[in-house]
Amino acid sequence: MRSKILMLSIFLLTIALLSFKNKNEIGNCFISFTTATNLTAATPDRLPETSEKFRTVKTEDGEVEVTRIDGYRILYNNAKQVPFVNLKVELSDSNSYESDKKKLLDNLKYLNAHSTGMETKDVITLDFNGYKIFGLSRGTIEVGSTLGTFIMFPGNGVTVYFYFNNLKPEFRNFESVDDYKKQRDQFLQEYTKHLTDCSNK
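What comes next is a walk through the structure. This one's a predicted model, so the numbers in the text were calculated from it and none came from an experiment.

### A few points about the overall build of the chain
Regarding its fold elements, the chain presents 3 helices and 10 strands. The secondary structure elements of the chain, listed N-terminal to C-terminal, are α-β-β-β-β-β-β-α-β-β-β-β-α. Within the structure as shown, the chain displays about 11600 Å² of accessible surface, and the carbon and sulfur contribution to it stands at 52%.

This is the structure we're talking about:
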């Protein structure tokens, strides 16, 4: 009888630990993508523990707070050693994830409405490998320091941000806005494929 109770206790403890692990942390899969076509991933930088546990974003209702209890940044450099993609992975407080998602989507709508030369009037929705990605993108490479800003909500409090940098002509890895969009979509396709194949999310 004691052995059965012990086994049951170990089983329940294991389930509890696995449940805890799957929540409230950023899995290695989100920061281990290193096979982007024609781009080299830099070493991930982790958000300092002393950082504020929230940040503010602009919406039509004013500035609002989004929780951020952990985070990483990874730069993906082109052949000229200039970052084309700035990828950030952040973790919301578990009680604030749903409201954070709404605020971040409201922020995208605000940015798109108050920026010039955008690709569309509404927020863009893309689908890759079962992941829905929201964002905004410029309709020209002649203006702006950022060509595209996209976010993805894979769950468990995690938000992934994709910033596609505009570059000076001598540092560019794209020749036109269509070329940029092709490379943008290729990166999103490859990153989400990496997530589907990775078991430590």
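Moving on, there is more to tell.
### A look at helix α3 (residues 177-197)
The first and last C-alpha atoms of α3 sit 30 Å apart over 21 residues, in line with the 30 Å expected at 1.5 Å per residue. Along α3, the residues that are buried comprise V177, Y180, Q183, R184, F187, L188, E190, Y191, T192, H194 and L195.

### A look at the state of the cysteines
Within the structure shown, the criterion is met by 1 disulfide. Shown here is the disulfide that connects C29 with C198, its sulfur atoms set 1.9 Å apart. One disulfide, between C29 and C198, carries an S-S torsion of -80° and so falls in the left-handed class. Here C198 lies in the segment after α3 and C29 lies in the loop between α1 (2-21) and β1 (40-41), a separation of 169 residues in the sequence.

### Quick word on the packing of aromatic side chains
Summed over the entire model, instances satisfying the criterion amount to 15 aromatic pairs. With a centroid separation of 6.3 Å and 5° between ring planes, the pair formed by Y161 and Y163 is classed as stacked. Taken together, a centroid distance of 6.4 Å and an interplanar angle of 10° make the contact between F187 and Y191 stacked. With F187 and Y191 both in helix α3 and 4 residues apart, the pair spans about one turn of that helix. Counting every residue linked through ring pairs, the aromatic cluster contains F33, Y76, F84, F150, F162, F164, F174, Y180, F187 and Y191. The ring centre of Y97 lies 5.0 Å from the NZ or CZ of K101, which sits over that ring.

### Examining helix α2 (residues 97-113)
A rise of 1.5 Å per residue sets the reference length of α2, with its 17 residues, at 24 Å; its end C-alpha atoms lie 24 Å apart and thus fit the reference within 8%. Turning to α2, its buried residues number three or more, namely Y97, D100, L104, D106, N107, L108, Y110 and N112. Contacts from the buried residues of α2 go to β3 (54-59), β4 (62-67), β8 (131-137), β9 (146-155) and β10 (158-165).

### Comments concerning the pairing of β10
In terms of burial, β10 is a largely internal element, 7 of the 8 residues being buried. With 7 bridges joining them, strand β6 (residues 83-91) and β10 adopt antiparallel strand pairing. Across the sheet, V85 pairs through a bridge with F164, a residue of β10. If you look at the hairpin formed by β9 and β10, you'll find 2 residues sitting between the two strands, and N156 has a positive phi there, around 55°.

### Topic: unusual backbone geometry
Phi at N129 takes a positive value of approximately 50°, unusual for a residue other than glycine. Inspection of the secondary structure puts N129 in the loop between β7 (124-128) and β8. Its identity is not glycine, yet N156 carries a phi of approximately 55°, on the positive side. Within the secondary structure, N156 is located in the loop between β9 and β10. According to the relative accessible area criterion, N156 is partly exposed, its value standing at 46%.

The rules we used
Throughout this document, residue positions are counted from 1 along each chain, in the order its sequence is written. Totals for whole chains, interfaces and linings use every residue, but because this is a predicted model, local features are given only for residues with pLDDT of at least 70 and side-chain atom pairs only at 80 or more, for both listing and counting. Calculated side-chain values reflect all of the structure's heavy atoms, with hydrogen atoms and water omitted. The numbering of helices and of strands both runs from the N terminus, where a helix is a DSSP run of H or I of at least 4 residues and a strand a run of E of at least 2. To measure how exposed things are, a 1.4 Å probe is used in the Shrake-Rupley method; for residues, cover is taken only from the protein chains shown. The span you would expect from a helix comes to 1.5 Å times its residue count less one. Under the scheme applied here, a residue whose accessible area is under 20% of the maximum for its type counts as buried, over 50% as exposed, and between as partly exposed, the area being computed with a 1.4 Å probe on protein chains only. For the purposes of this analysis, a disulfide is any pair of cysteine sulfur atoms at a distance within 2.5 Å. Pairs were defined over the aromatic rings of Phe, Tyr and Trp, the Trp ring being its six-membered one, requiring ring centres within 6.5 Å. Orientation was assigned from the angle between planes: stacked under 30 degrees, edge-to-face over 60, tilted for the rest. Criterion for a charge above a ring: Arg CZ or Lys NZ at most 6 Å from the ring centre, at most 35 degrees from the ring normal. Should any heavy atoms of two residues lie within 4.5 Å, those residues are counted as being in contact. The pairing criterion is simple: DSSP has to find at least two bridges between the two strands.

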